Amino acid sequence: MSAYDYVFLGLSITSSWGNGHATTYRGLVRELAARGHRVLFLERDLDFYAANRDMPEPPYCTTRLYRSLDELRSAYAREVRDADLVVVGSYVPEGIEVGRWATRTTRGAVAFYDIDTPVTLARLARGEEEYLTPSLIPEFDLYLSFTGGPTLRVLEKRWGARRAEALHCSVDPDLYVPDPDAGIRWDMGYLGTYSEDRQPMLERLLIEPARRWRHGRFHVAGPQYPDSIAWPANVGREIHLAPREHRAYYNAQRFTLNVTRRDMIQAGYSPSVRLFEAAACAVPILSDEWPGLETFFVPGEEILVARSTEESLAIMQGMGEEQRRRIGERARGRVLAEHTAAHRAETVERLTREVLDARARATSATV
């Protein structure tokens, strides 16, 4: 197996504050390094993340911060030029210019890693070009997407991606494990940053059930929730939980709630990292409904689906302990078999090899 040189230009690996990118990159980069590859992660030094860095120096890769596009170009041109694969992530500041520079500079291949695919495509359809443009998409050798299913063909046929492949989020099975000795503190918990389009479902499946079930215990962890939200007295709140606290948080819940953003529901096939984290802890997941959910977990056997306050309450109040545990254990088995960071690293390695081999064959054919 060849050892590859990877350069990642992502939103953040040093800070998980208010984003789902850092944990994704950490798991993927760690497993690439474990497979013998060399990884450089380049991150824009933003004040927001600088004040909230929970992993300032990841131990499994070289991490460098840059303050401007000019500094990036001048300081790291050689590394980008010599990389086997350069990965440019979604939401990178000045991402359009970063992407153009990467595609023009490297001698290897370039991938765009879209951790926000439905949001990205919805913005492009509206003419919004924050970190990607339609003309830039065909310049990438690979379009790696958090979203699978029909969206991959849309990326190729409508937006001109050369090759679109699913690279879903994943989980670290060493960090996220069941804790049989943990005491249950809440009947339901939810971990996620505030999102206006997710809030109505959070209201329906957790907040309103808390109002109706006064003896139930609930908790919501995540930043940016407006002060105007009227939290019931039996709903606890935590503004931020660092990744190292997630395992204990899940294990303290009888059920954990998964709520999906509107764009992700419309696209389907867009699991969240919280889904896999909770499942790895064998905590039963109660989720809203979205297309493709059944390709990740079997509804009723590995995951529970609720569409209303009444269904949410019926599950929490009516399910026996043995059944609850079985559902969590089945979900954990599914995650360990298909959705760890090691699985994603294997995918990246395979795609790197295929793209580089194809480029080599194309070069030989023109000589």
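Attention in this report is confined to the structure presented alongside it.

Quick notes on the rules
- Note on numbering: residues in each chain are counted from 1, in written sequence order.
- Given that the model is predicted, a residue must reach a pLDDT of at least 70 before its local features are reported, and side-chain atom pairs must reach 80 or more before they are shown or counted; all residues, however, enter totals for whole chains, interfaces and linings.
- With hydrogens and water stripped out, all remaining heavy atoms of the structure feed into the side-chain values.
- Two cysteine sulfur atoms make up a disulfide if the distance between them is within 2.5 Å.
- In this description, a line fitted to the C-alpha atoms serves as the axis of each element, helices being fitted only across the stretch in contact, and the angle between N-to-C directions of two axes falls anywhere from 0 to 180 degrees.
- For the purposes of this entry, the term helix denotes a DSSP run of H or I that reaches at least four residues, the term strand denotes a run of E that reaches at least two, and both are numbered from the N terminus.
- Angle categories are assigned with fixed cut-offs, so that under 35 degrees is roughly parallel, over 145 is roughly antiparallel, 65 to 115 is roughly perpendicular, and the rest are oblique.
- Note on convention: near helix rotated counterclockwise from far helix by under a right angle means a left-handed crossing. Clockwise means right-handed.
- The contact criterion used throughout is that any non-hydrogen atoms of two residues lie within 4.5 Å.
- Under the scheme applied, nonpolar residues are Ala, Val, Leu, Ile, Met, Phe, Trp, Tyr, Cys and Pro; charged residues are Asp, Glu, Lys and Arg; polar residues are all the others, including Gly.
- Salt bridge criterion: a side-chain nitrogen from Lys or Arg within 4 Å of a carboxyl oxygen from Asp or Glu.
- Partly exposed residues are those whose accessible area sits between 20% and 50% of the maximum for their type, while under 20% is buried and over 50% is exposed, using a 1.4 Å probe and protein chains only.

## Description of the state of the cysteines
Right, so step 1: Within this structure, the stated rule accounts for 0 disulfides.
Right, so step 2: Unpaired in this structure, Cys169 has its nearest cysteine sulfur neighbour in Cys281, at a distance of 14 Å.

## Re the packing of helix 1 (residues 21–34) against helix 13 (residues 341–366)
Right, so step 1: Between helix 1 and helix 13, the least distance of the axes is 8 Å, while the angle of their chain directions is 65°. On the basis of the axis angle, helix 1 is roughly perpendicular to helix 13. Where helix 1 crosses over helix 13, the two elements pack in a sense that is right-handed. Judged by residue contacts, Gly27, Leu28, Arg30, Glu31 and Leu32 of helix 1 engage Ala341, Ala342, Arg344, Ala345 and Val348 from helix 13.
Right, so step 2: Along the lines of polarity and charge, the residues of the contact of helix 1 with helix 13 split into 6 nonpolar, 1 polar and 3 charged.

## Re the pattern of salt bridges
Right, so step 1: Across all of its chains, the model carries 40 salt bridges by this definition.
Right, so step 2: Between Glu165 and Arg163 there is a salt bridge; the shortest N-O distance is 2.9 Å.
Right, so step 3: A residue is classified by how much of its surface remains accessible, and Glu165, at 22% relative accessible area, is partly exposed.
Right, so step 4: Its salt-bridge partner being Arg211, residue Glu208 comes within 3.1 Å of it at the nearest N-O pair.

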